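Listed below are the residues making up each chain.
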Amino acid sequence: MTSTRVGFDSRPAFLAFLAMMVTALLAQTTKVIDVTEPRPLSRALDALEIIVGIRINYEDPPYENENDLQDVSQQQRAAQPGYRLLVPRSGRVTAQLQLPVSVKPVENEAVFAVNLLLASYRQNMLPGDFKVEQANCMLYVTPTKVLAANGTMRDVTSPMTSLVTVPYAQRTVAEAAQAIFDAVYKATGLRIVIGTFPFWPKDVVSFGASGEAARDALGRLFAQTGRGSFSYRLTFDPRPDRMRIFDYMINVQPTGYVSPAAPPGLGPVVGSPSPVVTSQEPSNNNPAFVKAKP
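Every chain's residues receive numbers from 1 upward, in the order its sequence appears when written. Reporting in this predicted model follows two pLDDT cut-offs: at least 70 for local features of residues, and 80 or more for side-chain atom pairs to be given and counted; totals over whole chains, interfaces and linings ignore these cut-offs and use all residues. To obtain the side-chain values, all non-hydrogen atoms of the structure were used and water was disregarded.

Topic: the overall build of the chain
Numbering of helices and strands runs from the N terminus, with a helix taken as a DSSP run of H or I at least four residues long and a strand as a DSSP run of E at least two residues long. A count of helices and strands for the chain gives 6 helices and 13 strands. The rule is simple: take the accessible area with a 1.4 Å probe, protein chains only, and divide by the maximum for that residue type; under 20% is buried, over 50% is exposed, in between is partly exposed. Per-residue burial over the chain gives 46% buried out of 294 residues. What makes two residues a contact is simply this: any of their non-hydrogen atoms within 4.5 Å. The contacts in the chain between residues at least 6 apart in sequence include a share of 70% that link residues at least 24 apart. Accessible surface area values rest on a Shrake-Rupley calculation with a 1.4 Å probe, where residue burial reflects the displayed protein chains alone. Working note: accessible area of the chain is about 15100 Å², and carbon and sulfur atoms make up 55% of it.

Shown next as structure tokens:
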């Protein structure tokens, strides 16, 4: 039998180092994000924003294969036989984060945390794939692949990276945002409508863009409002093509804010005739839907 003797160094330098390591370990906190639902990555990023206080934008892949979708129209079909309401296939995303107690996380640490969520997403074989990027002092989690209708994986790009031009003019913030999305439609043929938008109708800015990525223009618009930090959730409408009247809905939310409410009288700025039944829901309508567990 072989035994190994472990010595303890009692020199002051070693004791000081040991004390520093123990202090560092005690100064960390564990946060658990655990989400099960359609679009679990989007909700998990909501929770991560609250934890780290860093702006994180999320975009859906353009779902097209029914294996990535589920029909949630049981009640509507009772009244309308043949009616279908499709949402992304439900799944689980979870991650355990070790974060410093007294030091605000930096973007690189937030990127690491996002990658932990992405690893869980991939491990659970949920629809599509994503990447995380840093730009405009924000993080962007955007789709890179989706399951095509023919059953093969295909590459996709974010519509918000398309280059847009918006003539400079005095506009409300909502009108300026919609001008960006109209320019995206002109460049890509993809229609984006506004869902939740936490700006008052009378907020006016002088705004324009010339050949810049739509997400950069939108980030600049957020900064120009002077109303704090914001991020967005861009959700794809995976309804049958014959029923679709827009491609994406964008929901803008204050960073890390749990239960924002849309200002009265604003509602959707443009888009479909009201009322609209959609597979998408404004993310701000479910206060504290995802909570980080201590």
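Considerations on the pattern of salt bridges
Put simply, a salt bridge is a Lys or Arg side-chain nitrogen that is within 4 Å of an Asp or Glu carboxyl oxygen. Within the structure shown, the criterion is met by 14 salt bridges. A salt bridge links Arg-215 to Glu-133; the nearest nitrogen and oxygen atoms lie 3.2 Å apart. One end of the pair, Arg-215, is in helix H6 (residues 214–225); the other, Glu-133, is in strand E6 (residues 129–135), and 82 residues separate them in sequence. Arg-215 gets classed as buried once you look at its relative accessible area, which sits at 10%. Where Arg-220 meets Glu-212, a salt bridge forms, and the shortest distance between an N and an O atom there is 2.4 Å.

Here we look at helix H4 (residues 107–123)
Expected span, for any helix, means 1.5 Å times one less than how many residues it has. Relative to the 24 Å expected for 17 residues at 1.5 Å per residue, H4 spans 24 Å between its end C-alpha atoms, a close match to the ideal helical length. Within H4, burial applies to Ala-110, Val-111, Ala-113, Val-114, Leu-117, Leu-118, Ser-120 and Tyr-121. Looking one or two residues past H4, Met-125 carries a phi angle of roughly 55°, positive in sign.

Regarding the nonpolar core
To define a nonpolar core, start from buried Ala, Val, Leu, Ile, Met, Phe, Trp, Tyr and Cys residues and group those joined through side-chain atoms within 4.5 Å. In terms of nonpolar packing, the biggest core is built from 64 residues, with Leu-48 and Leu-218 touching the most fellow members. Of all the elements, helix H5 (residues 173–188) adds the most residues to this core, at 9 residues.

Considerations on the confidence of the model for the chain
In low-pLDDT segments, the atomic positions of the prediction should not be examined closely. Here the chain averages 78 in pLDDT, while 71% of its residues score no lower than 70. pLDDT gives the predictor's per-residue confidence on a scale running from 0 to 100. Across the chain, element-level confidence peaks in strand E2 (residues 56–59) with a mean pLDDT of 97 and bottoms out in helix H1 (residues 12–26) with 49. Per-residue pLDDT stays below 50 along residues 1–10; that stretch engages in 6 contacts with residues further than four places along the chain or on separate chains.

Concerning helix H2 (residues 40–52)
Helix length check: H2 (13 residues) gives 18 Å between terminal C-alpha atoms against 18 Å at 1.5 Å per residue, within 8%. Among the 13 residues in H2, 12 count as buried, and that is most of the element. Three or more residues of H2 are buried, namely Pro-40, Leu-41, Ser-42, Arg-43, Ala-44, Leu-45, Asp-46, Ala-47, Leu-48, Glu-49, Ile-51 and Val-52.

Remarks on unusual backbone geometry
The phi dihedral of Met-125 falls on the positive side, at around 55°, and the residue is not glycine. Along the polypeptide, Met-125 turns up in the loop between H4 and E6. The exposure class of Met-125 is exposed, given its relative accessible area of 66%. For Cys-137, which is not a glycine, the phi torsion comes out positive at approximately 60°. Relative to the elements of secondary structure, Cys-137 occurs in the loop between E6 and strand E7 (138–147). Residue class for Cys-137 comes out exposed when judged on its relative accessible area of 59%.

A short note on the environment of Arg-239
Turning to its location among the elements, Arg-239 is positioned in the loop between strand E12 (230–236) and strand E13 (248–254). According to the relative accessible area criterion, Arg-239 is buried, its value standing at 8%. Sequence spacing of Arg-239 and Asp-71 is 168 residues, and the spatial spacing of their C-alpha atoms is 9.6 Å.

Details of the environment of Tyr-185
With respect to the helices and strands, Tyr-185 occurs in helix H5. Note: C-alpha distance between Tyr-185 and Asp-247 (62 residues apart in sequence) is 9.9 Å. Polar side-chain contacts of Tyr-185 include one of 3.3 Å to the side chain of Arg-191. In protein, a polar contact requires one atom able to donate a hydrogen and another able to accept it; more generally it is a pair of N or O atoms within 3.5 Å, and residues adjacent in sequence count only if both atoms are side-chain atoms.

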